[in-house]
2 protein chains.
Amino acid sequence: MAKTKIDQTMQIIRDQIANKSLIVGSRLPSVRQFAIRLNCSVSTVVEAYARLVAEGVLESRLGSGYYVLGKTETFAFVETEVQYQREVDPLWISRQSLDAKSGVLKPGCGWLPSNWMPEQSIRKALKQVAKSENILLTDYATPHGHLELRQLIARKKEALDLKTQLNQIFITDSATQSIDLIFRHLLQAGDVILIDDPCYFNFRALIQAHHLKAVPIPFTDNGPDAEKFEQALNLKPKIYLTNSGIHNPTGTSISLQTVYQISKLVEQANILIVEDEIFSDFEYTPAPRYAALAGLKHVIQIGSFTKTLSAAVRCGYIIAESKLIDQLIDLRIATNFSNSHLNAEIVYQALIDGSYPKHLDWLKKQLNKAMNDTIQKLAVLDIHPLNVPTAGIFLWCKLPIGIQAAELSKLCLKSDVILAPGNSFSQAENAGEFMRFNVAQCIDKKVFDVLEQAIQQLRLSV
Amino acid sequence: MAKTKIDQTMQIIRDQIANKSLIVGSRLPSVRQFAIRLNCSVSTVVEAYARLVAEGVLESRLGSGYYVLGKTETFAFVETEVQYQREVDPLWISRQSLDAKSGVLKPGCGWLPSNWMPEQSIRKALKQVAKSENILLTDYATPHGHLELRQLIARKKEALDLKTQLNQIFITDSATQSIDLIFRHLLQAGDVILIDDPCYFNFRALIQAHHLKAVPIPFTDNGPDAEKFEQALNLKPKIYLTNSGIHNPTGTSISLQTVYQISKLVEQANILIVEDEIFSDFEYTPAPRYAALAGLKHVIQIGSFTKTLSAAVRCGYIIAESKLIDQLIDLRIATNFSNSHLNAEIVYQALIDGSYPKHLDWLKKQLNKAMNDTIQKLAVLDIHPLNVPTAGIFLWCKLPIGIQAAELSKLCLKSDVILAPGNSFSQAENAGEFMRFNVAQCIDKKVFDVLEQAIQQLRLSV
């Protein structure tokens, strides 16, 4: 399809409206006349007119032709420049990263560069889905969501020692939405919740949105500090929210012993663990899961396919007892009506595509190399990881003495480098001395040049 | 791609695992050996092995071959039969309709049959999107969402006399999510909200989820009763939630005079209207909009593309003052992180496809005929619309004297016909005498046969 010619024709018409050669209500030349005048094919004009009707610029009157409907002023839209002079809060990194223009470097963001993602699997899935039956393309999802995807998730979970029934699995739009639904259903404003310190900044944003009281539990090399966890149970928390598999931001894999200790404490206190295993596909050897030990009576597992498949195709899941799932479905209908069945099908097709496991293998090797490289380059700047993770994308690093993460982040932002300051992940007194780095976003040498200059500048200004 | 042969090969392997000819940990034959044994091509076995790896059934060990990873018990999943013996509540129709198996008739649901939807535009859009650049396929959306789609919405709004800036438009996943975000941000439990009586049942489910106090305003042939509206302002409501364009369930188009009266009242009382124009693309002549009169200072407009494009591709929008949009973006990041950029692109591509306006024309004619036919067939059963709508898919009908909508609905459900009883739309005393019919879902004669038999049965049982 001669896209350029159609676009040119559309622009000529828009220009004529703008310069008043065509005024509102006036009739356009016939398709044939206009094609002769522009020396293009009739089909080009037909398509250009049809698209301008779709855009609301022209109107088609049956048997009479095309008329100017739209006004001219809005054709030259300019996206308003958005400036976030906001303080570093739990949403700071998200807004900066999501708003970033092309060319901006994002070692602070929580996802892979788009050329590290399995685009071929997504393209293949889209083409496959384009051939699906009508109902998949245009109808709502069933309440529990895509059946085959739930079967696939159940099989994957079995490999992690978690047995599930299909009505214990619920397809959502994202891991974040999964947690949000769980919180809305189970918690009330003022309820106490245990979180890791540090933890994923958006957990903190979610907790703010729900007006909960968060009690931070120090996160050690083995997982949450079991002693502090036990003490915190006196505050009558209802839920412990954590990452299993690979922890965000520390990259730590929890030890089996800690999973066992925490599981026992949770059973005794009769509270729930919400374990988010969104980074699970980065693991070489899967870390133990709370759900496998304590079971679905005490654990709700959530996840998504965002990190290793696509963030553009929104699809996540909740695994919980079937009765709870049924209540969450009611809440989802009331507040979101349905999830995207089409997205679930795209994810399913991409996951069963034989090339996906191969892509994961490639990805893990890339990440391993990127992690080693990043550690070395940061060491030159006297920035060192607290632990060296065995897998994943994150390094949780101590900054040089005297350098504050929030100040460093604001300074680097001026040079188009978006960082993830520790204050976003923790309210602990020393959190400002830490920074999270996404090793997959640290390939460009500029990241380290900008960091070096900014650190020097901060040292001079003291 | 020989899908059947690959599937057969996968099934053979699964069966061998199930009957223990292949036990966990055992090595599979080489691809070549297995191909010879099954008398199929090597590529078929390669793809079958790869997919079973993707499913977590097999494991690939570098340089060593494929091994059985999964266990056998979960391969024969059976979807648990879900029975909803629930009472008629605001979620009754949604759960029944979304859970309906194929073959079930759904005159009570709020959407078109899938063969009335513009599937060709969706297929074309999917193929187009499959060729997009990486970033669109795998990355998050920007905070405000898809730029070109916002431009398109702005142009369409201008045709309805509403001028907007691009930072006043926010792409969400659905109209329901749009309202949910607005409520979460602007309202607290216990706040008073005005709604139409009757109104869309999911508005009532949303209001329940937010623990709001809803004050119903009788909805007349011209729109909300302005006198009752004015009286209700004494209760200090914060928001009036309504459908503009075509009202759900009555199908009524609001008059300009009513829009003017209500707009004045809203300005005086300094409250907000949330107008949902989800059915706007069914209109022949657009009804006046509150936003066009009272402006974005007093009106938030929301909508989606679910009803005329696809319910599987989740995409909606909010139009409001830019400051409010900015706050809603923060809330959306905290609770959903991102909307589906891919879905927004599919919607955009489908909307600018020249065939979409033609499909809408065809659809309106189909609906016009279906509405006339349904009115006639219902009249035979002594079921009559309160008003005859000028456009859209709904008829709000009075049942024969003595027949209760909830009883009739439960009875018809046994014959696989899902209805929309009046009690779901209103708590008014006489709401049980009404039923909403979706004329596009009333093509099958069985709808009227089942209705007739059920009405007879109810009459006999009195």
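About the criteria used
Residues numbered from 1 in each chain as written. Chains lettered and ligands numbered in written order. Predicted model: local features only at pLDDT ≥ 70, side-chain atom pairs only at ≥ 80, totals over all residues. Heavy atoms only, no water. Helix = DSSP H or I, 4+ residues; strand = E, 2+ residues; numbered from the N terminus. Buried < 20%, exposed > 50% of the residue type's maximum accessible area, 1.4 Å probe, protein only. Contact = heavy atoms within 4.5 Å. Areas by Shrake-Rupley, 256 points an atom, 1.4 Å probe, with all protein chains shown as cover. Lys, Arg positive; Asp, Glu negative; His and termini not counted. Charge placed at Lys NZ, Arg CZ, Asp CG, Glu CD. Domains from an automatic or database assignment. Buried area = accessible area lost by both parts, 1.4 Å probe. Pairing = 2+ DSSP bridges. Least-squares fit on C-alpha atoms with pLDDT ≥ 70 in both. Salt bridge = Lys/Arg side-chain N within 4 Å of Asp/Glu carboxyl O. Polar contact = N/O pair within 3.5 Å; in protein donor to acceptor, adjacent residues only side chain to side chain. Nonpolar A, V, L, I, M, F, W, Y, C, P; charged D, E, K, R; others polar. Phe/Tyr/Trp six-rings, centres within 6.5 Å; stacked < 30°, edge-to-face > 60°. Lys NZ or Arg CZ within 6 Å of the ring centre and 35° of its normal.

Identification of chain A as PLP-dependent aminotransferase family protein from Acinetobacter wuhouensis is taken from an unreviewed UniProt entry.

A. Local environment of the overall build of chain A. Scanning chain A from N- to C-terminus turns up 17 helices and 14 strands. Over its C-alpha atoms, taken along the principal directions, chain A stretches across nearly 85 × 60 × 45 Å. Split into buried and exposed, the 462 residues of chain A put 63% on the buried side. A fraction of 73% describes how many contacts in chain A between residues 6 or more apart in sequence connect residues 24 or more apart. Accessible surface, chain A as shown: approximately 18,300 Å² in total, 50% of it carbon and sulfur. Looking at chain A, you have 48 positive and 47 negative side-chain charges, and the mean spots of the two groups are 6 Å apart.

B. A look at the environment of Leu 324 of chain B. All names here are of chain B. Turning to its location among the elements, Leu 324 is positioned in helix H13 (residues 322-336). Taking the C-alpha atoms as reference points, Leu 324 and Ile 179, separated by 145 residues in sequence, lie 13 Å from one another. When residues no more than four places from it in sequence are discounted, the contact partners of Leu 324 are His 185, Leu 186 and Ile 300.

C. Region of the structure containing the domain arrangement of chain A. Residue and element names in this part refer to chain A. According to the domain assignment, chain A contains domain 1 (3-75), domain 2 (92-117 + 357-461) and domain 3 (119-352). Spacing between the C-alpha centres of domain 2 and domain 3 amounts to 25 Å. Contact with domain 2, which involves 27 residues of that partner, is made by 27 residues of domain 3. Across the domain 2/domain 3 interface, buried area totals approximately 2,300 Å², and carbon plus sulfur atoms make up 57% of it.

D. Geometry of the sheet that holds strand E12 (residues 394-398) of chain A. All names here are of chain A. Read from one edge to the other, the open sheet built from four strands follows the order E11-E12-E14-E13, with strand pairing classed as antiparallel. Only two strands of the sheet have a single neighbouring strand rather than two, namely strand E11 (384-385) and strand E13 (420-421). Sheet analysis places E11 next to E12, joined by two bridges and oriented antiparallel. Bridging across to E12, His 384 finds its partner in Lys 398.

E. Structural context of the relation of the copies chain B and chain A. For these two chains of identical sequence, chain B goes onto chain A by a turn of 180° and a shift of 0.0 Å along the axis, with RMSD 0.1 Å. Overall, the copies show the geometry of a two-fold rotation axis.

F. Just unusual backbone geometry, in detail. Looking along the chain, the bond that leaves Asp 197 of chain A and enters Pro 198 of chain A is cis, with omega of 5°. With respect to the helices, strands and loops of the structure, Pro 198 of chain A is situated in the loop between strand E4 (192-197) and helix H9 (201-209). Residue Pro 249 of chain B follows Asn 248 of chain B across a cis peptide bond; omega there is 15°. Inspection of the secondary structure puts Pro 249 of chain B in the loop between strand E7 (239-243) and helix H11 (256-269). For Asn 39 of chain A, which is not glycine, the phi torsion reads 55° and is therefore positive. Despite not being glycine, Phe 337 of chain B shows a phi value in the positive range, around 60°. Relative to the assigned elements, Phe 337 of chain B resides in the loop between H13 and helix H14 (341-352). The class of Phe 337 of chain B is buried, set by a relative accessible area of 5%.

G. Structural context of the interface of chain B and chain A. Listed per partner, the contact involves 102 residues of chain B and 102 residues of chain A. Summing both partners gives a buried area of about 8,900 Å² for chain B against chain A, and 56% of it is carried by carbon and sulfur. Put simply, Asp 330 of chain A and Arg 95 of chain B hold a salt bridge, and the shortest N to O gap is 2.8 Å. Connecting chain B to chain A are 36 residue pairs in polar contact (both at pLDDT 80 or more). For the side of chain B that touches chain A, a count of residues per class yields 44 nonpolar, 28 polar and 30 charged.

H. Quick peek at the pattern of salt bridges. All names here are of chain A. A full pass over the atoms with the stated rule returns 29 salt bridges over all chains. Note that Arg 123 and Glu 119 form a salt bridge whose closest N and O atoms lie 2.8 Å from each other. Of this pair, Arg 123 and Glu 119 both sit in helix H5 (residues 119-130), four residues apart, which is roughly one turn of that helix. The shortest N-O distance in the salt bridge between Lys 445 and Asp 449 comes to 3.0 Å. Of the residues examined, Lys 445 reaches a relative accessible area of 57% and is grouped as exposed. Look at Asp 449 and you get partly exposed, because its relative accessible area is 27%. Residues joined in a network through salt bridges with shared partners are Lys 157, Glu 277, Glu 283 and Arg 289.

I. Local environment of the packing of aromatic side chains. One pass over the structure, following the stated rule, counts 32 aromatic pairs over all chains. Pairing Phe 229 of chain A with Tyr 240 of chain A gives two aromatic rings, centres 4.9 Å apart and planes at 80°, and the pair type is edge-to-face. Placement of the pair is Phe 229 of chain A in helix H10 (residues 226-232) and Tyr 240 of chain A in strand E7 (residues 239-243), with a sequence separation of 11 residues. Overall, the relative accessible area of 0% leaves Phe 229 of chain A in the buried class. Pairing Phe 279 of chain B with Phe 282 of chain B gives two aromatic rings, centres 6.3 Å apart and planes at 25°, and the pair type is stacked. Taken as a pair, Phe 279 of chain B and Phe 282 of chain B share a single burial class, namely buried. What links up through ring pairs into an aromatic cluster is the set Tyr 200, Phe 201, Phe 203, Trp 396, Phe 425 and Phe 434 of chain A. In this structure, Lys 364 of chain A packs its charged tip against the face of Tyr 284 of chain A, placed 5.7 Å from the ring centre.

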